[in-house]
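# Fold and geometry: a report
The lines below spell out each chain.
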Amino acid sequence: ETFVTDHAAVPAATAPRPRRQSTVSRRVRKGAIGALWALAGILLVLLMWELVKWVGTLVSLPFNTNDLSMPHVWTMFSGAWQPEVRGSDTTVLQAVLQSAAYSLLIALGGFIIGVSVGLLLAIVMQRFAFLERGLLPFVIASQTVPLIALAPLITGIGNRISIGPVQWSTTYSVMFIAAYLAFFPLSVGALRGLHAPTATSLELMRSYAATPRATLFKLRFPASLPYLVPAMKVSAAAAVVGTVVAEISTGVRGGIGRLILEYSREATSQPAKVYVAVFGAIVLGLVAAGLVTALDLYLTRNLPKESPA
């Protein structure tokens, strides 16, 4: 069978694949719809913000709705284009973007460390049941420690660490705290995913005389993907939260957390600056989760997709 074109007959094997094209277009259309819903959600939040301010002028609310506490949306947008310091060529938006990029690098390092530790813990706990019973309660209890109290402690201990020419710095402390928050969602999600294969699948691997390592990479890891990707998104957001809070607690310069702390001192004169920095931290978390989503799409681009019912 051949397909006839204007120039020559094209073999059927080289003809375009409508199924693959339809799959790609369906994913693009789904992504566009998701982006539109996200935009609609942002617009709804902005409208609710202005609605609350308007209601505050009519009735007494349990919180302040004046322009110092809740600036208008257009005030915050215009404040992003104001000079950061009087007479400076750097705008508030540029300073926020630079600080957010610096914090993103720290959060990325903490995310990689946290994901590696969490995945290793999940593999060990899945392989040895007694370690799961012994370690899992401590993994859960580790997240109950107040981060604000933990950050100065880690900084104080880390400043005394020196390995050859490498001297521990406050930046490493911030990265460690980011990893501390990032490892927990990944370890719990990966552990659940590694236990996801059915008894039939495990019995089939045993019938093939598969080693535990082969079972891990050929069966358990592929089965854990639906659990790993959401856990990685939560870990990415947690790494950003840990970075911002650690920057505020330790006072490390250059990051978005420190910028929020500095702008909060000018809240009485320029309240819009604080909100621009806060929005920068929010966007930073969304970017981190978006990078994980992009990685998921790249790694699973050749896997078969389930057609919608």
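Rules and cut-offs
- Note on numbering: residues in each chain are counted from 1, in written sequence order.
- pLDDT decides what is reported in this predicted model: residues at 70 or higher carry local features, side-chain atom pairs at 80 or more are listed and counted, and totals for whole chains, interfaces and linings draw on all residues regardless.
- Excluded from the side-chain calculations are hydrogens and water; all other atoms, namely the structure's heavy atoms, are used.
- Nonpolar side chains (Val, Leu, Ile, Met, Phe, Trp, Tyr) are joined into patches within 5 Å and like charges within 9 Å, using only residues with over 30% relative accessible area and no salt bridge.
- Areas reported as accessible are Shrake-Rupley estimates using a 1.4 Å probe. Residue values count occlusion only from the protein chains shown.
- Any Lys or Arg side-chain nitrogen found within 4 Å of a carboxyl oxygen on Asp or Glu counts as a salt bridge.
- In this text, helices come from DSSP runs of H or I with a minimum length of four residues, and strands from runs of E with a minimum of two, each type numbered from the N-terminal end.
- Take the buried residues of types Ala, Val, Leu, Ile, Met, Phe, Trp, Tyr and Cys, join any two whose side-chain atoms come within 4.5 Å, and each joined set is a nonpolar core.
- Burial classes: relative accessible area under 20% of the type maximum marks a residue as buried, over 50% as exposed, and values in between as partly exposed (1.4 Å probe, protein chains only).
- Note on contacts: a residue pair is in contact if any heavy atoms of the two residues lie within 4.5 Å.
- Within this scheme a cavity is a closed region of a 1 Å grid, computed over the protein atoms alone, that accommodates a 1.4 Å probe without allowing it to escape, whereas a pocket is open but has protein on both sides within 12 Å along at least five of seven lines; lining residues each have an atom within 4 Å of a point.
- Grid points are joined across faces, edges and corners, and a volume is the space filled by probe spheres set on the points.
- Here the nonpolar group is Ala, Val, Leu, Ile, Met, Phe, Trp, Tyr, Cys and Pro; Asp, Glu, Lys and Arg are the charged ones; every other residue, Gly included, is treated as polar.
- Every helix has an expected span of 1.5 Å times one less than the residues it contains.
- Here the arc refers to the set of directions running from the helix axis out to each C-beta atom.

### Regarding a nonpolar patch on the surface
Taken together, Leu153, Ile157, Ile161, Ile163, Val166 and Tyr172 make up a surface patch of nonpolar side chains, about 560 Å² in accessible area. Structurally, tyrosine 172 can be placed in helix H6 (residues 170-194).

### Focus: the nonpolar core
Within the largest apolar cluster, 35 residues are counted, with the highest numbers of intra-cluster contacts made by Val96, Phe111, Leu186, Ala239, Val240, Ile256 and Tyr263. Put simply, the parts of the chain that give this core at least two residues each are helix H3 (92-127), H6, helix H8 (212-250), helix H9 (256-264) and helix H10 (271-299). Among all residues touching valine 240, those that are not within four sequence positions of it are Ala107, Ala281, Leu284, Gly285 and Ala288. Counting 14 residues, the second largest nonpolar core, distinct from the first, contains Ile154, Tyr180, Ala238 and Val252.

### Re the side chain of arginine 258
Residue placement: arginine 258 occurs in helix H9. Given the relative accessible area of 12%, arginine 258 is considered buried. When residues no more than four places from it in sequence are discounted, the contact partners of arginine 258 are Glu247, Gly251, Val252 and Arg253.

### Remarks on the layout of surface pockets
Size it by volume and the second largest pocket reaches roughly 680 Å³. Forming the walls of the second largest pocket are 23 residues, and the residues nearest its centre are Phe77, Phe279, Gly280, Ile282 and Val283. If you list the elements that add at least two residues to the lining of the second largest pocket, you get helix H1 (18-56), helix H2 (73-79), H3 and H10. Among the elements that make up the lining of the second largest pocket, the one with the highest residue count is H10 (8 residues). Among the residues forming the lining of the second largest pocket, the class breakdown is 22 nonpolar, 1 polar and no charged.

### Describing helix H5 (residues 147-158)
Taking 1.5 Å per residue as the helical rise, H5 with its 12 residues ought to reach 16 Å, and the 16 Å between its terminal C-alpha atoms agrees with that figure. Considered for burial, the residues of H5 that qualify are Leu147, Leu150, Ala151, Ile154, Thr155 and Gly158. Looking straight down H5, one finds that the buried residues subtend no more than 130° of arc, so they occupy a single side. Every exposed residue of H5 that faces more than 90 degrees away from the buried side is listed here: Ile148, Ala149 and Leu153. Buried residues in H5 make contact with H6 and H8.

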